[in-house]
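Each chain, letter by letter, is given below.
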Amino acid sequence: MEQLAIVLIGLIFLMGLMVPVLRPLLKNYTGRILALVPFALFGALTFLFFTLPDETARIVETGFGFLPEMQFSFRIDGLSLIFGMMVSGIGGLVLGYSSFYMAKYAGRTKFYFFLILFMGAMLGLVFADNLLALFIFWELTSITSFFLIGFDHDKDKPRQAALQALLITALGGLCLLFAVIMVGNIAGTFRLSELYAQGIHLGAHSHYQTVFLLIFVAIATKSAQFPFHFWLPGAMNAPTPISAYLHSATMVNAGIFLLLRLNPVMGGTIAWKGALILTGGITMFIGAFFSLGQKDLKRILAFTTISALGTMVMLIGMNTTASIKAALIFFIVHGLYKGGLFMVAGIIDKNTGTRDITRLSGLLKSMPVTSIAGILALLSMSGLPPMLGFIGKELIYDAKVQMPELSWLVVPLGVAANMMMVAISILVFYEIFIPRKNKPAIPLFHKEKELPGNFLVGPVVLALVGLGLGMVPGWLNNILSNAMFYVQSQAVDVHLALWHGFNQVLLLSIFTVAMGTIIFILRRPVGKLVGIIILWTDQYHLPEKFNNLISNYLNFAGKHTNRIQHGYHRYYLITFFMATLLLIVYQLLDAGGEWFHPAESSPVRMHVVLVLIISAMAVLFAVFSKSRLSAIVSMGVLGYGVAVLYMFYGAVDLAITQFLAETIIMVIFVMVIFYLPDFAVLSSKKSRIRDAIIALAVGAMMTMVVLKARFINMEEPISQFFAEKSFLEGHGRNIVNVILVDFRALDTLGEITVLALAAAGVFTLLRFNPIKKKSEK
Amino acid sequence: MRNIVLERIVSLFLYVMVGFALFLLFRGHNRPGGGFIAGIIAAAGFLLYGIVFGSEKVLEKIRVNPRYIMGSGLLIALLAALIPMMLGKPPLTGVWTSLAGIALGTPLLFDIGVFVLVVGMIVSIFTNIMDVLKWNS
């Protein structure tokens, strides 16, 4: 069964890549039909869910990987099952929902392509057993979510939001990569199963602080923790199905997942507890607080997600059995109600044309099914019985009250945040669902009032699951025990129940609800107060600050790039020659030794001297000539002179090549030069002198190199080898040619490729003429 | 002004040069010569032809787009790299067979590839230049 599950994950990836082919075949049913695969996966996982024994994990090797250290091996244990079921189940519902929601959008192929790949990446992340594989899937979720958030790419706002989300989560991804490599180096393995089996804990290691900091940045960016929380409200620019999926089961929950995964390896230290509790607490509070001041339904939900993520991070930071249990349950609770609420918001938006809670009203009467699904989800959000949310909240309070040392801080903070959650739930309920006299009911677009039943499947199923699990929470016991074993690395028996008896925690709950209601009754003054505070914090509006930071950085980079890449060919050449000159002269002088061996010098031969004199004269003529043509011809004379020298010293092949190349170059040069404007002196005397000095210095350097080359042998010369093997193994007497086509054939292959590229370059330079093309039009 | 004598000589000379180039190509392994030199000589023949008759006539004469010639040269050279791989040896290893006492091997194939590519490259460059700069009288 576990192999089947992994195959289905692979199938999801394949399906995503096949979307461009499948969509024309499946037409408008694409979303609904493709949703079958995640549902099948959900089914397979459910089977495992009920059959997986306690304290075991199933490892599936695919035998496939980019590196020996980076095998795509997967592990199925309680933790990955909980996350995997949420990802695949909600993923299937979201796909079905988008089949209706996106029906009139353009670019649906792109939408399904990225949505399904996103789902596959998230599943891979959740089930990965190898930390490097986990990192790859982590980055894949960042990239695909970038395209999903920026789906309306022709509008400014989604583009900016997508870029922001990408930059922030990519920063976290980079940190994660470093952290994973460090963990791998310290522990000697990248595999979670080995890390767990060996019971490695990095807490005592000297690099622990660094690794923890990197992991912390990774999860804080991904899971939208303060001060990186600001990308998440922006991400609601995505189409609603995407928001539903991003917020409920994927993306932002990847950080939570990573924390739980690494808890046995890194958790429980002072740094871990301090950083996570503090950040989580702040995030939880400000998320709930800012949600009170919003008018847009999706924005309200986005801020409550931030609060929920803060809660989970804080619970994991507390690192007690009760808190981990609470975090796991709360992840399920939050996924169920947040997914449902976003889908409800999408339906309301479709049917009324607005998401503004001040304009919506009386929906309970006009859209009863949608409203009931929404109300059930709101009940869960405010933590009221009989929903699963109630159990989740009880567990959270329980964990906080039991927390040693810090309960004085976490309990009030948690109660305050929950009070606001209750208040916002009641507010939303009151504003949009209840029919009221002084607020006119909003007209609906759809004649039958409710949208077609298919639309409602998602939110209704999620609401009913939340309700059902609230009634019979015992179903979760087994899997939670298994997950707890791998998170806490000790066996824990979990027993969930709706009714915990009359105790301190229940009192806290009642107090919370009462205070929430009071906040709701005082909503006008509270709303004003929140408004004032939001206005005040807008001075430090983080998204804008972030954008400024990016644009300043780009300006800075642009300026400096312009300074280095100025586009003047002569200065590039000067830089290049000077750098080479300095480095090589330094090396030559550093090498020491003799430059010239008098005993080796052969007698001066007259014909050689004659060739040299003619060449030198040709060079001087080229320098001082006032005509381009004669300058080129005299350069040709130099070339032939060099060829003659090769001839004198017996390098016949070289000489022939030099002659021929020189001839061809001259002919082509003449062809081109003929059409240039008349010769003119454009450079000043100063720059000519500067160029002359550089040219002479480079010439001197080359002379030095040639002289010195005689005396420097880093390795034993291999000319003897070539001479010996050329005929015996290369079947050729012409050593030069055998070297070219046999011994050093790879070099030649590279060189002829460069030749082909050069010809292509000439072709483009000559033929590509944008100005001409425009005028032709 | 057309110069009949020059035209006759040049069109004859083209064959002489290409023939000489092929001769150099095949003897290159034992005596001075080889693919690169042979390629330049053959291309020089076409260059001369082009100067007298214009680039269009050159393209007519060789019939194939010089860019394709260049590409096939690269492919032939690559083939010489791939054949040893199919025989389970590292790429570009020389594989030899003997045909009627003459040793034939992939290095020769490689040399032919170099020859074809060099011809294609030079012809491509100069015909383009002549065409764009209106050297066709």
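Quick caveat, the model's predicted, so the values are computed rather than measured.

1. Section: the overall build of chain A
In terms of helices and strands, chain A carries 33 helices and two strands. The globule rule puts the C-alpha radius of gyration for 777 residues at 28 Å, and the 36 Å found for chain A is more than 25% above it. Per-residue burial over chain A gives 43% buried out of 777 residues. Of the contacts made within chain A by residues no fewer than 6 positions apart, 78% connect residues no fewer than 24 positions apart.

2. Overview of the overall build of chain B
Check the secondary structure of chain B and you find five helices and two strands. Traced from its N-terminal end to its C-terminal end, chain B shows the element sequence α-α-α-α-β-β-α. The proportion of buried residues among the 137 residues of chain B is 42%. Taking as baseline every contact in chain B between residues at least 6 positions apart, the subset at least 24 positions apart corresponds to 69%.

3. With respect to unusual backbone geometry
Looking along the chain, the bond that leaves Phe 226 of chain A and enters Pro 227 of chain A is cis, with omega of 5°. Along the chain, the position of Pro 227 of chain A falls in the loop between helix H9 (208-222) and helix H10 (231-234). Its identity is not glycine, yet Ala 224 of chain A carries a phi of approximately 55°, on the positive side. Locating Ala 224 of chain A in the fold gives a position in the loop between H9 and H10. C-beta crowding within 10 Å serves as the criterion here: with 29 such atoms nearby, Ala 224 of chain A is assigned to the buried category. Located in the positive-phi region is Arg 63 of chain B, a residue other than glycine, with phi close to 70°. Note on placement: Arg 63 of chain B falls in the loop between helix H3 (55-62) and helix H4 (66-86).

4. Focus on helix H25 (residues 569-591) of chain A
For H25 of chain A, spanning 23 residues, the distance from its first C-alpha to its last is 33 Å, which sits close to the expected 33 Å at 1.5 Å a residue. Of all 23 residues in H25 of chain A, zero are buried; the element is thus mostly exposed.

5. Thoughts on the environment of Met 85 of chain B
All names here are of chain B. Structurally, Met 85 can be placed in helix H4. Classification of Met 85 by C-beta neighbours within 10 Å gives exposed; the count is 12. In this structure, the C-alpha to C-alpha distance between Met 85 and Phe 126, residues 41 residues apart in sequence, is 36 Å.

6. A short note on the domain arrangement of chain A
Residue and element names in this part refer to chain A. Looking at the assigned domains, one finds that chain A contains domain 1 (1-262), domain 2 (268-436 + 455-521), domain 3 (529-565) and domain 4 (605-680). The C-alpha-based centres of domain 1 and domain 2 are spaced at 23 Å. Between domain 1 and domain 2, the contact holds 44 residues from the first and 46 residues from the second. When residues of the side of domain 1 that touches domain 2 are traced back to their parent elements, those giving at least two are helix H4 (78-101), H9, H10, helix H11 (240-248) and helix H12 (252-266). Ranked by residue count, the leading element in the side of domain 1 that touches domain 2 is H4, at twelve residues. Of the residues in the side of domain 1 that touches domain 2, the class split is 29 nonpolar, twelve polar and three charged.

7. As for the interface of chain B and chain A
The interface of chain B with chain A comprises 40 residues on the first partner and 35 residues on the second. Ranked by the residues each element gives to the side of chain B that touches chain A, the list is headed by helix H5 (residues 106-132) of chain B, at 15 residues. Per-class residue counts for the side of chain B that touches chain A are 29 nonpolar, nine polar and two charged.

8. Here's the deal with the nonpolar core
Among the nonpolar cores identified, the biggest contains 198 residues, and Ile 82, Ile 116, Ile 215, Met 312 and Leu 315 of chain A are the most heavily contacted of them. If you tally residues by element for this core, the top one is helix H15 (residues 321-352) of chain A, at 18 residues. Each of domain 1 (1-262) and domain 2 (268-436 + 455-521) of chain A contributes no fewer than three residues to this core. Counting 50 residues, the second-largest nonpolar core is a separate cluster that includes Ala 643 of chain A together with Ala 43, Met 70 and Leu 117 of chain B.

9. Quick look at the environment of Leu 167 of chain A
All names here are of chain A. Turning to its location among the elements, Leu 167 is positioned in helix H7 (residues 156-187). Accessibility expressed as a C-beta count within 10 Å gives 17 for Leu 167, which makes it partly exposed. Separated by 589 residues in sequence, Leu 167 and Ala 756 place their C-alpha atoms 40 Å apart.

10. Details of the pairing of strand S1 (residues 58-65) of chain A
Residues and elements named next belong to chain A. Here S1 pairs with strand S2 (residues 71-76) via five bridges, running antiparallel. By the bridge assignment for S2, Gly 65 is matched with Gln 71. The loop that links S1 with its antiparallel partner S2 comprises five residues.

11. Section: the packing of H9 of chain A against H12 of chain A
All names here are of chain A. Relative orientation of the contacting elements H9 and H12 amounts to 155°, with a least axis distance of 7 Å. When the axes of H9 and H12 are compared, the pair comes out roughly antiparallel. Where H9 abuts H12, its residues Phe 212, Ile 215, Ala 218, Ile 219 and Lys 222 lie against Val 252, Ala 254, Gly 255, Leu 258, Leu 259, Leu 262 and Met 266. A per-class count over the contact of H9 with H12 returns ten nonpolar, one polar and one charged.

12. Notes on the packing of helix H32 (residues 745-767) of chain A against H5 of chain B
It is the contact of H32 of chain A with H5 of chain B, at a shortest axis distance of 10 Å, that shows an interaxial angle of 15°. Between H32 of chain A and H5 of chain B, the crossing angle belongs to the class labelled roughly parallel. Note that H32 of chain A runs across H5 of chain B; the crossing there is left-handed. In this structure, H32 of chain A uses Ala 745, Thr 748, Ile 752, Leu 755, Ala 756, Ala 759, Val 762, Phe 763 and Leu 766 of chain A to contact H5 of chain B, whose residues at the interface are Phe 110, Val 114, Leu 117, Val 118, Met 121, Ser 124, Ile 125, Asn 128, Ile 129 and Val 132 of chain B. A class-by-class count of the residues in the contact of H32 of chain A with H5 of chain B yields 16 nonpolar, three polar and no charged.

13. What about H9 of chain A?
Residue and element names in this part refer to chain A. Taking 1.5 Å as the rise per residue, H9 with 15 residues should run 21 Å; its terminal C-alpha atoms sit 21 Å apart, in good agreement. For H9, the tally of buried residues reaches eleven of 15 residues, placing the bulk of the element in the interior. Among all positions in H9, only Val 211, Phe 212, Leu 214, Ile 215, Phe 216, Val 217, Ala 218, Ile 219, Ala 220, Thr 221 and Lys 222 are buried. For H9, the secondary structure elements touched by its buried residues are H7, H12 and helix H13 (270-291). A positive backbone phi angle near 55° is found at Ala 224, which sits one or two residues after H9.

Rules and cut-offs
Residues numbered from 1 in each chain as written. Chains lettered and ligands numbered in written order. Predicted model: local features only at pLDDT ≥ 70, side-chain atom pairs only at ≥ 80, totals over all residues. Helix = DSSP H or I, 4+ residues; strand = E, 2+ residues; numbered from the N terminus. Rg over C-alpha atoms; globule rule 2.2 N^0.38 Å. Buried ≥ 20, exposed ≤ 12 C-beta atoms within 10 Å, placed from the backbone. Contact = placed C-beta atoms within 7 Å. Expected span 1.5 Å × (residues − 1). Domains from an automatic or database assignment. Nonpolar A, V, L, I, M, F, W, Y, C, P; charged D, E, K, R; others polar. Core = buried A, V, L, I, M, F, W, Y, C linked by C-beta atoms within 7 Å. Pairing = 2+ DSSP bridges. Axes fitted to C-alpha atoms, helices over the stretch in contact; angles between N-to-C directions. Parallel < 35°, antiparallel > 145°, perpendicular 65-115°, else oblique. Left-handed = near helix turned anticlockwise from the far one by under 90°.

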